[in-house]
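Structural overview
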Amino acid sequence: TSTSTGTSTGTSTGSTSSTSNDGGGGEGDAPQQGVECCSLRGNGLFACSASSIRSFAAVVSLDLSRNFLSSFGPLGLQALVCLRHLNLDRNWLEELPDFSGNAALVSVRAQHNMLRGCVGALRVASLAGLRHFASLDVRFNKLCSSQQLLDEATEGLGGGCDRYAVKMTVTV
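Reading the values: rules and limits
- Residues numbered from 1 in each chain as written.
- Predicted model: local features only at pLDDT ≥ 70, side-chain atom pairs only at ≥ 80, totals over all residues.
- Heavy atoms only, no water.
- pLDDT = per-residue confidence, 0-100.
- Contact = heavy atoms within 4.5 Å.
- Core = buried A, V, L, I, M, F, W, Y, C linked by side-chain atoms within 4.5 Å.
- Buried < 20%, exposed > 50% of the residue type's maximum accessible area, 1.4 Å probe, protein only.
- Helix = DSSP H or I, 4+ residues; strand = E, 2+ residues; numbered from the N terminus.
- Polar contact = N/O pair within 3.5 Å; in protein donor to acceptor, adjacent residues only side chain to side chain.
- Phe/Tyr/Trp six-rings, centres within 6.5 Å; stacked < 30°, edge-to-face > 60°.

1. Structural notes on the confidence of the model for the chain
Mean pLDDT over the chain: 73, with 62% of residues reaching 70 or higher. Within the model, the stretch residues 1–29 combines pLDDT values under 50 with 50 contacts to residues more than four positions away or in other chains. Scored below 50 in pLDDT, residues 159–172 shows 38 contacts in the model against residues more than four places distant or in partner chains.

2. Some details on the nonpolar core
Membership of the largest hydrophobic core comes to 31 residues, with the highest contact counts inside it found for Leu-64, Phe-72, Leu-86, Leu-96 and Phe-99. Leave out the neighbours within four places in its chain, and Phe-72 touches Cys-48, Ile-53, Leu-64, Leu-77, Leu-88, Leu-93 and Pro-97.

3. Side note on the environment of Val-108
Within the element layout of this structure, Val-108 appears in strand E5 (residues 107–109). In the structure, Val-108 is positioned 22 residues away from Leu-86 in sequence and 4.9 Å away in space, judged by C-alpha atoms. If near-sequence neighbours (up to four positions away) are discounted, Val-108 is found in contact with Leu-86, Phe-99, Phe-133, Ser-135, Leu-136 and Asp-137.

4. As for the environment of Cys-37
Here Cys-37 is to be found in strand E2 (residues 37–39). Cys-37 gets classed as buried once you look at its relative accessible area, which sits at 4%. Separated by 22 residues in the primary sequence, Cys-37 and Val-59 have C-alpha atoms spaced 5.9 Å apart.

5. Notes on unusual backbone geometry
With a phi angle near 55°, Arg-66 is a residue other than glycine that sits in the positive phi range. Looking at where Arg-66 falls in the secondary structure, it is placed in the loop between strand E3 (61–63) and strand E4 (85–87). The exposure class assigned to Arg-66 is partly exposed, which follows from its relative accessible area of 43%. The backbone of Phe-140 shows a phi angle near 65°, a positive value even though the residue is not glycine. Within the secondary structure, Phe-140 is located in the loop between strand E7 (135–137) and strand E8 (142–143).

6. A closer look at the side chain of Asp-98
Looking at the secondary structure, you find Asp-98 in the loop between E4 and E5. Side-chain polar atoms of Asp-98 contact the side chain of Gln-78, separated by 3.2 Å. Among the polar contacts made by the side chain of Asp-98, one reaches the main-chain amide nitrogen of Ser-100 at a distance of 2.9 Å. When sequence neighbours within four positions are dropped, the list of residues in contact with Asp-98 reads Leu-77, Gln-78, Arg-123 and Ser-126.

7. What about the packing of aromatic side chains?
A full pass over the atoms with the stated rule returns three aromatic pairs. Ring geometry for Phe-46 and Phe-68: centres 4.9 Å apart, planes at 15°, overall stacked. Residue Phe-46 is located in the loop between E2 and helix H1 (50–54), and its partner Phe-68 is located in the loop between E3 and E4; the two are separated by 22 residues in the primary sequence. Assessed through its relative accessible area of 32%, Phe-68 is described here as partly exposed. Where Phe-46 meets Trp-92, the ring centres are 6.1 Å apart and the plane angle is 80°; that geometry is what we call edge-to-face. Here Phe-46 is found in the loop between E2 and H1, whereas its partner Trp-92 is found in the loop between E4 and E5, with 46 residues between them in sequence. The rings of Phe-46, Phe-68 and Trp-92 are connected pair by pair, giving a single aromatic cluster.

8. Overview of the side chain of Asn-87
Secondary-structure assignment places Asn-87 in strand E4. A polar atom in the side chain of Asn-87 sits 2.9 Å from the backbone nitrogen of Asp-89. Sequence-distant contacts of Asn-87, defined by excluding residues within four places in its chain, comprise Leu-62, Asp-63, Leu-64, Ser-65 and Arg-109.

Put into structure tokens, the structure is as follows:
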């Protein structure tokens, strides 16, 4: 099931195609309007190639939960320039992807993965430049204590959690 906030130009459940309403889309153009909310939940995905991720450039909400994803490669999800909400719950991730190219990102859920240790696995530095980022939910992973995690996250953000409005929901 796909859910969307605001108006949606289309939804996709379990597919990797998007629709375009404007017929344009040359190289260097802004992302085409198309699928805004996409759920690939529980599709048995083991990997997401860079080319398949690029086809979702206009997606605002992406649900990749309940798959077998362990990494996103060097480019991560940076091609998803419109992405605001990402659900990575119940995968095999040992670290989160680099979010530095996802300027619109507001929330990430990554519960029940294989994240271990502290901030390194969370790539907090890649969240530092995201002005709209508000919530990182990494409950039910093997992370260090909540206080140590928050201390390191604050340090990783240049001591400015308030400056970047970052709220981390962590339960260990």
